[in-house]
Amino acid sequence: MKKGLIGKKIGMTQIFSEAGKVIPVTVVEAGPCVVVQKKTDENDGYTALQLGYGDISPKAVNMPKEGHFKKNDIPFKRYLREFKLEGANEMNVGEILKADIFAAGDVIDVSGTSKGKGFQGTIKRHNQSRIKETHGSGPVHRHAGSMGACSSPSRIFKGKKLPGHMGAERVTVQNLTVVKVDAENNLIAIKGAIPGPKGGVVCITDAVKA
């Protein structure tokens, strides 16, 4: 990847194209991000940049992070994310990256944490079917049904689709299009929906071609 930013999901709206067509977009406050640390092949075995986003009170920073920021005289940041960017060696600690590194028409990938939906059954979690509700089905019409283990092998195979916690996981939506960039306010309008709730932190990178 060549470009990357940390941002915050502001919400969804719609804008009109020059042809008058309605485009649903998600607005993201992308940056400004500061380069907090450079990872190099000599010291770390790979090349990457650690970016920081969002101001935070010094009282809320623990001692290890405080030393991490003070080492390079960087203002305290709430979120830290690492990006393996091409040309990372050419950038310096303390440089600021803003939304204007992207432009309308760019194809990007957006990563974030999806909304948590709590403990859910197999119908909602795995899109399984319910049984008939005619006579004899009893109060189990939304249950998972037989596990099929019997006395041999007397266990549930790993990967069995069962009820459990749903959502709140890392999700990447690929090949989204940047519709508009407001460089002055560090806002990017992205066509379609992106993962996470309103106010959630996301990472934006240029799309990785297969």
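Each remark here, short or long, concerns the structure printed above.
Residues numbered from 1 in each chain as written. Predicted model: local features only at pLDDT ≥ 70, side-chain atom pairs only at ≥ 80, totals over all residues. Heavy atoms only, no water.

1. Some details on the overall build of the protein
Test applied: Secondary structure elements are taken from DSSP: a helix is a run of H or I of four residues or more, a strand is a run of E of two residues or more, and numbering for both begins at the N terminus. Every radius of gyration here is taken over C-alpha atoms, with the globule rule written as 2.2 Å times N^0.38, N being the number of residues. Per-residue accessibility, obtained with a 1.4 Å probe over protein chains only, is compared with the maximum for each type, and a residue is labelled buried under 20%, exposed over 50%, and partly exposed between these values. A 1.4 Å probe and the Shrake-Rupley method give the accessible areas. Residues count as covered only by the protein chains that appear here. Counting rule applied: Lys, Arg positive; Asp, Glu negative; His and chain ends not counted. All charge positions are set by atom: Lys at NZ, Arg at CZ, Asp at CG, Glu at CD.
Summing up its helical and strand segments, the protein has three helices and twelve strands in all. For the protein, the C-alpha radius of gyration of 23 Å lies well beyond 17 Å, the compact-globule estimate for 210 residues. Dimensions along the principal axes, computed over C-alpha positions, put the protein at roughly 70 × 50 × 40 Å. Counting the 210 residues in the protein, one finds 33% classified as buried. Looking at the protein as shown, the accessible area adds up to about 13,200 Å², and 51% of this sits on carbon and sulfur atoms. Taking the 32 positively charged and 20 negatively charged side chains of the protein as two groups, their mean positions are separated by 14 Å.

2. Describing the pairing of strand β4 (residues 48–55)
Going by this rule: Here, any two strands with at least 2 DSSP bridges between them count as paired.
The element β4 is extensively covered by neighbouring structure, given that seven of its eight residues are classed as buried. Where strand β3 (residues 33–39) lies against β4, five bridges are found, and the strand directions are antiparallel. Across the sheet, the residue bridging to Val35 is Leu51, located in β4. In this sheet, strand β5 (residues 77–83) lies alongside β4 in antiparallel orientation, the contact comprising six bridges. In the sheet register, Asp55 faces β5, and the bridge partner there is Lys77.

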